[in-house]
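# Architecture and fold: a report
Each chain, letter by letter, is given below.
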Amino acid sequence: MDRLDNPPAICLTGLKKRYGTGDAAVDALKGVDMTIWPGEVVGLVGPSGSGKSTLLKCLGAVIEPTAGRMELAGEVIYDDAWKIPDLRALRRDRIGFVFQAPYLIPFLDVTDNVALLPMLAGQDNAAARKRALELLTALDVRHRAGAQVSQLSGGEQQRVAIARSLANHAPVILADEPTAPLDSERALTVVRILNDLARQYRTAIIVVTHDEKIIPTFKRIYHIRDGRTHEEAGEGRAI
Amino acid sequence: MINLAGRDVLHGWGKFLFTGIGLGLLIGATLTMAGVFRGMVDDGQVLIDNSGADLWVVQQGTLGPYAEPSSIRDDAWRGIAGIQGVAETGNAAYLTIQMAHAGKDTRVMIVGIEVDRPETGGRPGAPPYLTAGRPILQGHYEAIADERTGLALGERVKIRRHDYTVVGLTRRMVSSSGDPMIFVPLKDAQEIQFLKDNDALVNERARTAANPAFNRPGIPGLLEAAQASVSQARSVNTVLVRLAPGADAEAVAGEIQRWKRLTAYTKAQMEDILVAKLIATSAKQIGMFLVILAIVTAAIVAFIIYTMTLAKVREIAVLKLIGAKNRIIAGMILQQALALGVIGFLVGRIAAGLWGPAFPKYVLLLPQDALSGFAIVMTICALASSVAIRAALAIDPAEAIGG
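Quick caveat, the model's predicted, so the values are computed rather than measured.

## Description of the domain arrangement of chain B
Residues and elements named next belong to chain B.
- Here chain B is described as being made up of domain 1 (4–43 + 280–400) and domain 2 (60–195 + 233–261).
- Once you take the C-alpha centre of each, domain 1 and domain 2 turn out to be 47 Å apart.
- Taken together, the two surfaces of domain 1 and domain 2 that pack against each other cover about 460 Å², and 31% of this comes from carbon and sulfur.
- Three residues stand out in domain 1 for area buried against domain 2, namely Asp-43, Lys-361 and Tyr-362, and they jointly supply 75% of the buried area on that side.
- The tally of links from domain 1 across to domain 2 stands at 2 salt bridges.
- Our count for the domain 1 to domain 2 interface comes out at 4 residue pairs in polar contact (both at pLDDT 80 or more).
- Each residue belonging to the side of domain 1 that touches domain 2 can be placed in one class, and the counts come to 2 nonpolar, 1 polar and 3 charged.

In structure tokens:
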């Protein structure tokens, strides 16, 4: 990790999120501190209702925190209020998403599912498709480039979804239970891919998971319970 | 940038196409309704144009001869022909009857025309062209029929008491109600219209003979004269007037009204009677139908697009999450709504063109109506898509993450 040369990919300080007001208020996050460096793959684990999804949504600039501070690759994006006017552009250009289900666009073929993101960012079609094919090659699904999403297996769809999350060179990828629908072998393959990509592209990846099979592979794990996180070292088991 | 709307349509083209066809049939029904209205107007226009007249002279104070009954003496033309500006006159009698032919009843308009000058195209009222056969040459029992009557050249057809030989065929000669015309000599038409049947005549003669006012011993010949007047048909519905070149229709009509105690209508006035008065109620009826069909179409398009959009909630949430701008999502929905409108309109126009001729009344599909219809369909689709666009823009990108 080049921690001395580069700012953290993600740095959260005292991040809070409250739903509702008055007696109905629920504090989903009660002051989360988190630092993740470029090239790291970090696990975020916790029971249902612990605040994992809320934290992911705050990190993804999908919901607004109530208080605290968020930095993304050294830039303050939230400090008791959003500091970035165009959150959609922030998500498009600087945050990649991988979901439990791949959620690919069913009416686009594999290449265009990946190329869509750079196209949304303003790249021309040829350059966007070239980038998509590079990523599909890196993720070993190049041979399915022209296929429809419905023709892919679950594992292939998840690889395409990962390729899409990397399409705009995002410094951060948020992966929400990416291995949940996969068997052990495919789940470990996905984690290996995420680790390879993190190393190759210097991308910080947060993997929200319940999956006991993959938890031992993380070098660092954030446990979240009752809206608070605590960090512990993982086994970092080789895959 | 990828055309998301196009890709989505191509992905589910079968469903989209069938939806468009369904919508198209509705649009086809709407276009046909408009065509029915245009057909009614055109029937009226054709009736005026084909009569070859510039003025219609009718019974005073009536809207005859098409919109109201009118009866004038068949020698009224003599006085009219002498008025300056009048080039030619022609008596005409009109009567709509139910005619039995080929085992079914057909509603036709019998038109009595003067047949004394066939070599010059006939007097006003005669059909301006024939598609087969020849003009009426005899004073009795010959007929020229519109092709829609189903009559063939040389066929004999019974109209009331007499058989008529079809000597000529013509086309697009219809009444203001769209009934095909059969032209017969004026005398025959007068008999058909005004003469009673034999039993009625016998009864009428007996009644007249029993009336002391007509059967006076001191005045020989009175009873015969009275009975002759009853048994003679000396009335026509209108005198059609063709004006001399350069004559002012309004002025000539004014002269006729002033000196002959009759009412004369110009072409423009007759158009107003036929279009504005005679079919006014039907036009309002059709107009109401068109409005309702437009509202139903809008509601259906809105519902279809809304349902199609709700079926893509997850995809739209993902698009928003990965940074697609609202205008891209709105554009996708709008383009799909417009594409649906284009398919619907094309299907509707083709359907209306196919089933229009099968309608019993004339259905006239005008290009300008099709263009207006297209613009209205596109506007309806665009407006209807706004409901779905609102729903799409309200989709929370967090739905893609779940939790």
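Additional details are given in the paragraphs that follow.
## Comments concerning the interface of chain B and chain A
- With 28 residues of chain B at the contact, the number on the chain A side is 24 residues.
- Of the roughly 2,500 Å² buried where chain B meets chain A, counting both sides, 67% is carbon and sulfur surface.
- When residues of chain B are sorted by the area they lose upon contact with chain A, B:Met1, B:Ile322 and B:Ile401 head the list and together hold 26% of the total.
- Applying the counting criterion to the chain B and chain A interface returns 1 salt bridge.
- The residue B:Arg7 makes a salt bridge to A:Asp112 at a minimum N-O spacing of 2.6 Å.
- Between chain B and chain A we count 8 residue pairs in polar contact (both at pLDDT 80 or more) in total.
- Sorting the residues of the side of chain B that touches chain A by element identifies helix 1 (4–11), helix 10 (313–321) and helix 11 (326–355) of chain B as the ones contributing at least two each.
- For the side of chain B that touches chain A, the element with the most residues is helix 10 of chain B, which contributes 6 residues.

## Quick look at the sheet that holds strand 8 (residues 204–208) of chain A
Residues and elements named next belong to chain A.
- An order of 6-7-8-3-9-10 is seen for the 6 strands of this open sheet, with the pairing classed as mixed. Since the sheet does not close on itself, it has two edges, and those belong to strand 6 (95–98) and strand 10 (228–233), each with one partner. Mean inter-strand twist for the sheet, computed between neighbouring axes without regard to direction, equals 20°.
- As defined by bridge partners, strand 3 (residues 41–45) adjoins strand 9 (residues 220–225) across 4 bridges and the pair is classed as parallel. Paired with Gly-43 across the two strands is Ile-221, which belongs to strand 9.
- On the sheet, helix 5 (residues 154–166) packs against strand 6 and strand 7 (172–176) and is oriented at approximately 170° with respect to strand 6.

## Examining the sheet that holds strand 2 (residues 26–36) of chain A
Residues and elements named next belong to chain A.
- A sheet is described by the order of its strands in space; here 4 strands give the open sequence 2-1-4-5, paired in antiparallel fashion. Either end of the sheet is taken by a strand with one partner, and the two such strands are strand 2 and strand 5 (75–79). The average angle at which neighbouring strand axes cross in this sheet is 20°, direction not considered.
- The pairing of strand 4 (residues 67–72) with strand 5 spans 4 bridges and is antiparallel. Paired with Met-70 across the strands is Tyr-78, a residue of strand 5.
- Docked against the sheet, helix 1 (residues 52–59) engages strand 1 (10–19), strand 2 and strand 4, running at close to 120° with respect to strand 1.

## A closer look at the pattern of salt bridges
- According to the stated counting rule, one finds 25 salt bridges over all chains in the structure shown.
- A salt bridge links B:Glu147 to B:Arg171, with the shortest nitrogen-to-oxygen separation between them at 2.8 Å. Of the two residues, B:Glu147 sits in the loop between strand 6 (142–146) and strand 7 (156–159) while B:Arg171 sits in the loop between strand 8 (162–170) and strand 9 (181–185), which places them 24 residues apart along the sequence.
- The class of B:Arg171 is partly exposed, set by a relative accessible area of 45%.
- The network of salt bridges with common partners includes A:Glu40, A:Arg220 and A:Glu231.

## Some points on the confidence of the model for chain A
- Of the residues in chain A, 98% have a pLDDT of 70 or more, and the chain-wide mean is 89.
- By mean pLDDT, helix 6 (residues 184–201) of chain A is the weakest element of chain A at 87, and strand 4 of chain A is the strongest at 95.

## What to know about the nonpolar core
- If you look at the biggest cluster of nonpolar residues, it comprises 123 residues, and the most contacted ones within it are A:Leu12, A:Leu15, A:Met34, A:Leu55, A:Leu116 and B:Leu4.
- Considering every element that reaches this core, the biggest residue donor is helix 11 of chain B, with 10 residues.
- The residues contacting A:Met34, other than those within four sequence positions of it, are A:Ile10, A:Cys11, A:Leu12, A:Leu44, A:Leu55, A:Ile206 and A:Tyr222.
- Residues B:Ile97, B:Met99, B:Val157 and B:Ile256 belong to the second largest nonpolar core, which totals 35 residues.

## Thoughts on the packing of helix 2 (residues 13–51) of chain B against helix 8 (residues 267–278) of chain B
Residues and elements named next belong to chain B.
- At a closest axis distance of 9 Å, the pairing of helix 2 and helix 8 adopts a crossing angle of 150°. Taken together, the axes of helix 2 and helix 8 lie roughly antiparallel to each other. With respect to the hand of their crossing, helix 2 and helix 8 are arranged in right-handed fashion. Taking contact as the criterion, the partners of Val-41, Gly-44, Gln-45, Leu-47, Ile-48 and Asp-49 in helix 2 are, on helix 8, Lys-267, Met-270, Glu-271, Leu-274 and Val-275.
- Looking at side-chain class alone, the contact of helix 2 with helix 8 contains 6 nonpolar, 2 polar and 3 charged residues.

## Observations regarding the side chain of B:Glu142
Residue and element names in this part refer to chain B.
- Among the secondary structure elements, Glu-142 is positioned in strand 6.
- Judged by relative accessible area, Glu-142 falls into the buried class, the value being 5%.
- Here Glu-142 is in contact with Arg-134, Pro-135, Ile-136, Leu-137, Tyr-164, Thr-165, Val-167, Phe-183, Val-184 and Pro-185, once residues within four sequence places are set aside.

## As for the packing of helix 3 (residues 110–120) of chain A against helix 4 (residues 125–138) of chain A
All names here are of chain A.
- At their nearest, the axes of helix 3 and helix 4 sit 8 Å apart, and the two run at 125° to each other. One finds that helix 3 runs oblique with respect to helix 4. Judged by the twist between their axes, the crossing of helix 3 over helix 4 is right-handed. Contacts between helix 3 and helix 4 involve Val-110, Thr-111, Asp-112, Val-114, Ala-115, Pro-118 and Met-119 on the former and, on the latter, Asn-125, Ala-128, Arg-129, Ala-132, Leu-133, Leu-135 and Leu-136.
- A breakdown of the residues in the contact of helix 3 with helix 4 according to their chemical character gives 10 nonpolar, 2 polar and 2 charged.

About the thresholds
Residues numbered from 1 in each chain as written. Chains lettered and ligands numbered in written order. Predicted model: local features only at pLDDT ≥ 70, side-chain atom pairs only at ≥ 80, totals over all residues. Heavy atoms only, no water. Domains from an automatic or database assignment. Buried area = accessible area lost by both parts, 1.4 Å probe. Salt bridge = Lys/Arg side-chain N within 4 Å of Asp/Glu carboxyl O. Polar contact = N/O pair within 3.5 Å; in protein donor to acceptor, adjacent residues only side chain to side chain. Nonpolar A, V, L, I, M, F, W, Y, C, P; charged D, E, K, R; others polar. Contact = heavy atoms within 4.5 Å. Helix = DSSP H or I, 4+ residues; strand = E, 2+ residues; numbered from the N terminus. Pairing = 2+ DSSP bridges. Axes fitted to C-alpha atoms, helices over the stretch in contact; angles between N-to-C directions. Buried < 20%, exposed > 50% of the residue type's maximum accessible area, 1.4 Å probe, protein only. pLDDT = per-residue confidence, 0-100. Core = buried A, V, L, I, M, F, W, Y, C linked by side-chain atoms within 4.5 Å. Parallel < 35°, antiparallel > 145°, perpendicular 65-115°, else oblique. Left-handed = near helix turned anticlockwise from the far one by under 90°.

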